[in-house]
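Remarks on the overall topology
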Amino acid sequence: MFWLTIFVLAIVTKVQCQLTAQSSVAPELRECYTDRLLIDRNNLPPMTIQVLIDIIQQVEDNPNVNVDLRQLVILLLQTYRQDGIEYHQPETNMASPGVLPFSPTFHSFHRHRIVQSRIIQGNQQVLPNNTLNSYLKCTLHHMLSTVVDARLRGNENQCNQLSQYRALRTSRDLTQRLLKDEVEILDLKAMSSVDTNGQMRHNPKDDVEYNGVDGLKSERQLLGDSQCPLLGGVVYTRWGAVSAGNVLSGIAGGAQLQRVPVRELVKGSVLEHPNVQEYVTSTYPTTLSGDLAEAVLIQTRRGNPSVSIGAAGNWNSTQAPRYFMLHSRTNLEMTDPEIRGDVDGFVLGSIVTSALESSSSLKLSQLLDMYYSPRNGVFDPTRRACNRRDLIQEFITNNNLPNLISETYTFSAVLDTNMLLPGTIMRGLQDPVASAVNNFQTYTSNNLNDLNCVVSETSLDYRLKTNLYIVLDLSWPYQSIYPAISYLLDSIEVGKYGSSVTLLNAFDGSVIVNTTFSLSEFHSNYTQQTHWSLPSGVNLESTLTNIRISMHSRLENERIANYVGGNSTVLLFLINTAINNNQAVWEQTRILNETVPDLRILFATSTNQFDRIWNLVRDMHNDISVISLTSDGTNVENNMNTVLTNIRKVGRRVINPACGSTYSDTPSGTRQFDDYVEPGYVNFYSISPNYFFHNNDNRKIRISRTGAGVGNLIVCWSRMYSQPRQNSSVVVVEENAVTCQTLTSGNVEIRLQHLCSGFYTINSCPFFYFSVQSVVPTPTTLSAICTENACRFPYNIRYQVQIEEFGCYSSGASIGVSIGLLLVTIFLNLL
């Protein structure tokens, strides 16, 4: 009886594993095509690599999912990937009850079925349906599942002018539609400056929609296919749009590398083509040869003498990418995102075994995070997406070109026995395969003009870690403010190892989105519907009062937890209406600044309100910005750059947790915390004078290296510059303004004596700034030396920051002097 039970469970497991390889929509995915909230992509998080990594991290952290990288990548594909799901208009005017008008009939499904059921099949069950909530499950499904949606949307006569999909749309009655895909049509002149990553440029008056799930048949759907179809299964990265399903499939094929006999793939069918290999290698059909075979078979049946490779497109927005629109409707078997996904998947599949040998505990999210980072790569700076052009030469065309041709020819013959298409290929496949591979080489060399590593490395060499509290005036149009917020969250790297975000209502300080380190969670909770459902307006007195209470509660929690250092804290007001500033507002701000000294308050307003809010910030010249957000969400980066720069200036906190919110005179004694720096990066810290205003001869900071790793650590400190570093580009106007010391062995000790001598108030005494910088030789191979859960990357370097005898000093007793000093400052600035 026991063995019978095991046998039955094995059969059930096998069946469950193959549900996404069946010719109907998998049961666990059907709500993505029936629930009206899930059908509307604007209710789902953006399709970005950061969101994909975030969702995978949530699966990895689920206590019920205890598997390694090899097992997890297969489980994700078997549970959430189902290529080729298309909408089918019912023949009658009304959809039949109990019939879902979606099924996997697009050509990509045939290759998908072979790969899922016969090449990378696993022995584990699919992930439980409660592993992710419905929003994240459907997001992951759409990120991984390749399909071309060619339904006609209207105004197709202008598709050749690089039309783009609209990201944010005017409201319509949800009861009137389930499928709410709309498109904007732009003229060529307006699109002339748009690159392949796509800026959001649209005219709200150009929106159109089509119906069809349970309403009358759309007349537009009867007119033919769209000239600018949508490509599903794509994620946005800085280095070009990527088909994420192909990336994960390639990793799965390489993590459990195998040679699969052709006879197992054709299952008794007769091969029509001679001289095929006896097997296929799993990394090929999951990536390159899979898409090349599709192009060969479909275009050969059309009579194409040369097999076309590549098809470009645009995102609807770089800040809210949810739709990828192709520029043409023909020869879409191997589009640009699929090429990139195939290359990335093949490279990662080729190196995943060695990566796991370097770090046996390596996670799938870490592998993706390393590859799609601007520096360092997968233990080698050449193994990263920005180096894709060289990786193609190294892994594919130089060394493996004969293998690619042979594998493509063999899999084309296999796929020909499984793909149901009009016509029968009677001539050989050798010439079409050769044409496809040759055109692949040419296209990847000449047409994929993605950002390279040189451009990537001009970006920041420090990772921002901040707790960002956004106080939002809901009178902003959602179409204007959402892309701006999204840009900030991407830029400060909201995530498990980085920054957090909390969204508050400027009407009263109430919480819209609770504090989260998850991009996907934030975007799932802050939607257009949420934005419209809440009261708008600005009441600074109520808002600041509630924020002060919340911040004091956090300080008390940090006291209990002995929290010594970590993320900076920034309170950002995004204001669109006139502010009413009075004595009560100023008093709340004063208390907040005095009792939460590490907090930095910033304002970004749609109009110049400097005269109304200058007294609410620490630095009235830099902490107030004017932003001119457009109604269509364009030009976000230029508008928000000043705000982002001000956030980046705020260093990570180092505090005396004994102070709490009351600042009773309680010295810190000796306390410490661990932190991590990525090779070649630098971490910046700041210490408030509230912890060193009165002198103590024993007060000091010690930084000691507690982990292995390549290169040196440099410790720098300053009273003038918030980001002190070695070889700084900052023009030092005073001698010894920045001091640096190499941390070789032991520790670097920074004494903090008499730092506020000559300053009469705490507010007038400047912060103390220091940094820990990693300097590594280039190029260098990195080792997996960081296994703690706090390590974002396996090669991060651990060090310890220790504080001694920090004090607790509040500026509450010096209010009169502070006001006098402020008035003097204003007078001097007016001269």
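Parameters and conventions
Residues numbered from 1 in each chain as written. Predicted model: local features only at pLDDT ≥ 70, side-chain atom pairs only at ≥ 80, totals over all residues. Heavy atoms only, no water. Buried < 20%, exposed > 50% of the residue type's maximum accessible area, 1.4 Å probe, protein only. Helix = DSSP H or I, 4+ residues; strand = E, 2+ residues; numbered from the N terminus. Pairing = 2+ DSSP bridges. Right-handed = clockwise from strand over helix to strand, strands pointing away. Phe/Tyr/Trp six-rings, centres within 6.5 Å; stacked < 30°, edge-to-face > 60°. Lys NZ or Arg CZ within 6 Å of the ring centre and 35° of its normal. Disulfide = S-S within 2.5 Å. Lys, Arg positive; Asp, Glu negative; His and termini not counted. Salt bridge = Lys/Arg side-chain N within 4 Å of Asp/Glu carboxyl O. Polar contact = N/O pair within 3.5 Å; in protein donor to acceptor, adjacent residues only side chain to side chain. Contact = heavy atoms within 4.5 Å.

For the chain, the name recorded in an unreviewed UniProt entry is (African queen) hypothetical protein, with Danaus chrysippus as its organism.

With that out of the way, let us pick up the pairing of strand β6 (residues 225–232). Of all the eight residues making up β6, six are buried; the element is thus mostly covered by neighbouring parts of the structure. As defined by bridge partners, strand β3 (residues 147–151) adjoins β6 across four bridges and the pair is classed as antiparallel. Within β6, the residue paired with Val148 across the bridge is Leu231.

Moving on, we come to the pairing of strand β18 (residues 599–605). For β18, a buried count of six out of seven residues is recorded, marking the element as mostly surrounded by other parts of the structure. Bridge analysis of strand β17 (residues 568–575) against β18 gives seven bridges, and the strand direction is parallel. Counterpart to Thr569 in the pairing with β18 is Leu599. Once you follow β17 into helix α21 (residues 583–595) and on to β18, the crossover reads as right-handed. One ladder, built from three bridges, connects β18 with strand β19 (residues 624–626); its direction is parallel. Paired with Phe603 across the bridge in β19 is Ile624.

In this section: the packing of aromatic side chains. Under the counting rule described, the total for this entry stands at 17 aromatic pairs. Both rings, one in Tyr478 and one in Tyr526, keep their centres 5.3 Å apart while their planes meet at 65°; by these two values the pair is edge-to-face. On the criterion of sequence distance, the pair formed by Tyr478 in helix α17 (residues 478–491) and Tyr526 in the loop between α18 (519–525) and α19 (528–533) is long-range, its members being 48 residues apart. The exposure classification of Tyr478 matches that of Tyr526, with both residues buried. On the basis of an interplanar angle of 15° and a centroid distance of 6.4 Å, the ring pair of Phe767 and Tyr769 is categorised as stacked. As far as the burial class goes, Phe767 and Tyr769 line up, both buried. An aromatic cluster is built from Tyr478, Tyr482, Phe522 and Tyr526, whose rings are joined through pairwise contacts. Its end group placed over the ring of Tyr681, Arg375 keeps NZ or CZ at 5.5 Å from the ring centre.

What follows deals with the state of the cysteines. A full pass over the atoms with the stated rule returns six disulfides. Shown here is the disulfide that connects Cys32 with Cys138, its sulfur atoms set 2.1 Å apart. Between Cys32 and Cys138 the sulfur-sulfur dihedral comes to about -90°; the bridge is accordingly left-handed. Of this pair, Cys32 sits in the loop between α1 (2–17) and α2 (36–39) while Cys138 sits in helix α6 (residues 134–144); the two residues are 106 residues apart in sequence, bridging distant segments of the chain.

In this structure, Glu493 takes a positive phi of about 60° despite not being glycine. Along the polypeptide, Glu493 turns up in the loop between α17 and β14 (500–505). Notably, Asn562 is not glycine yet its phi reads approximately 55°, a positive angle. Looking at where Asn562 falls in the secondary structure, it is placed in the loop between α20 (540–561) and β16 (565–566).

As for its placement among the helices and strands, Arg671 is situated in strand β21 (residues 670–677). We classify Arg671 as buried; its relative accessible area is 18%. Distance from Arg671 to Ile701, taken between C-alpha atoms, is 9.9 Å for residues 30 residues apart in sequence.

With that settled, consider the side chain of Asp598. By the secondary structure assignment, Asp598 is in the loop between α21 and β18. There is no salt bridge for the buried Asp598, and the closest opposite charge comes from Arg653, which lies 4.0 Å off by N-O distance. A polar contact of 2.9 Å, which involves the side chain of Asp598, links it to the side chain of Tyr691. When neighbours within four sequence positions are excluded, Asp598 is seen to be in contact with Thr569, Arg653, Ile655, Ser688 and Tyr691.

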